[in-house]
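Given next are the chains, with one letter for each unit.
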Amino acid sequence: MKTGLVLEGGSRQTMFSAGVIDTWLDEGIDFNYVAGVSAGAHAAVNFITRQQGRLRFIVLPTRLQKGKKWASKFIGIQKEFHALNYLAADGEMPFDFEAYHNSKIECEIGLTCCETGRAEFKSEKNDKKRLLDLISASCALPMIFPMAELDGKHYADGCISAAIPFERAFEKGCDKVVAISTHYPGEAVTDFRKYRAILNPMYKRKYPDLFRALMVRLKRYEKMFVRMEKLEKEGRLFLIRPVIDLCDQFDTNMDKMNESYDHGVEMAKKRMDDLKAFLEI
């Protein structure tokens, strides 16, 4: 039986994912295929290297984001983006690229192609710089971060087109898929229609398909959970998610982030027997 793990992004909300993953690593939980989008891409590669505690460490904010004025905080977010996607790989808790390279687990990073507005999934096991480029592209949230150019095309945040890439896991031959969502039931996710006045001049003419994808993202997200619920009932998908509202996407409150991590640990332990039964281990 081929099993898959798929991970949603959410920037600092992936502290919940970190708690879940660290608990699973303690229990020796493993998968044949792993895919992540946006900050979930960081969760994916750190799960594969089995570097317990690393996702939590790199997601925590630094002094760069503590400016009180909007402008200084915005600049801080830009610096954090570069630090998270590139500098952290060789930082205080470096990414174990050798372990990633040698892993037999298939890993894909989900991105949104600006030219088509559709999801694309890319893998990289040999080139560290390209792997970091893929993760950075998957985290490139419109309006905040610049689009990434790769392979002659342009890419934006993977959450736009495939927030939780469970369908891709099934396409890759997985019989059962485990999904980690970073949003509690009923939580409002970004509705890009509210930013139409900003997005229109930025993307509508140059990337009309990306613009359309942004406009329908919320409806697509809602329909996604309807499909996931059906798959859960069929016994093909296992969803774990927070049940309470904790830290926000760009939160800098350390207490909230630590609570989110602890909640991930709590939920992982609470549902461990169910997970093992689902994976037949």
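Residues numbered from 1 in each chain as written. Predicted model: local features only at pLDDT ≥ 70, side-chain atom pairs only at ≥ 80, totals over all residues. Heavy atoms only, no water.

Asks: Looking at this structure, I do not really get the overall build of the protein. What am I missing?
Replies: Along the backbone of the protein there are twelve helices and eight strands. Here the protein has a C-alpha radius of gyration of 18 Å; the compact-globule value for 281 residues is 19 Å, and the two agree. The C-alpha extent of the protein, read off along each of the three principal axes, is 50 × 40 × 40 Å. Here the protein holds 281 residues, and the buried ones make up 54% of them. (Helix = DSSP H or I, 4+ residues; strand = E, 2+ residues; numbered from the N terminus. Rg over C-alpha atoms; globule rule 2.2 N^0.38 Å. Buried < 20%, exposed > 50% of the residue type's maximum accessible area, 1.4 Å probe, protein only.)

Asks: Hey, could you run me through a nonpolar patch on the surface in this one?
Replies: On the surface, Y195, I198 and M202 cluster together to form a nonpolar patch covering roughly 260 Å² of accessible area. Tracing the chain through its elements places M202 in helix α8 (residues 196-204). Judged by relative accessible area, M202 falls into the partly exposed class, the value being 37%. (Patch = residues over 30% accessible without salt bridge, like charges linked within 9 Å, V, L, I, M, F, W, Y side chains within 5 Å. Areas by Shrake-Rupley, 256 points an atom, 1.4 Å probe, with all protein chains shown as cover. Salt bridge = Lys/Arg side-chain N within 4 Å of Asp/Glu carboxyl O.)

Asks: What is the right way to read the state of the cysteines from this model?
Replies: Covalent bonding between the sulfur atoms of two cysteines defines a disulfide. For the structure shown, the criterion picks out zero disulfides. The thiol of C159 is unpaired, and the distance to the nearest cysteine sulfur, on C139, comes to 9.4 Å. In this structure C247 is a free cysteine whose sulfur lies 15 Å from that of C139, the closest cysteine sulfur available. Using a relative accessible area of 3% as the deciding quantity, one classes C247 as buried. (Disulfide = S-S within 2.5 Å.)

Asks: Can you walk me through the nonpolar core in this structure?
Replies: Soluble, globular proteins show a tendency: their nonpolar side chains are buried together. Membership of the largest hydrophobic core comes to 71 residues, with the highest contact counts inside it found for L5, W24, F31, V34, V178 and I180. At seven residues, the largest contribution of residues to this core is made by helix α1 (residues 14-27). I180 has contacts with L5, V6, L7, E8, F16, S17, V20, I21, W24 and I240, leaving out every residue within four places of it along the chain. Counting residues in each nonpolar core, the second largest holds 20 residues, with V6, A35, F166 and V189 among its members. (Core = buried A, V, L, I, M, F, W, Y, C linked by side-chain atoms within 4.5 Å. Contact = heavy atoms within 4.5 Å.)

Asks: What am I meant to see in the pattern of salt bridges here?
Replies: Side chains carrying opposite charge are able to pair once their charged atoms draw close together. Scanning the entire structure with this criterion turns up 20 salt bridges. Among the ionic pairs, E167 bridges to R227, the shortest N-O distance being 2.9 Å. With a gap of 60 residues between them, E167 in helix α7 (residues 166-171) and R227 in helix α10 (residues 217-233) connect regions that are remote in the sequence. A relative accessible area of 39% places E167 in the partly exposed class. With relative accessibility at 34%, the residue R227 sits in the partly exposed group. When salt bridges with common partners are traced through the structure, they connect E120, K122, E124, R130, D151 and K153 into a single cluster.

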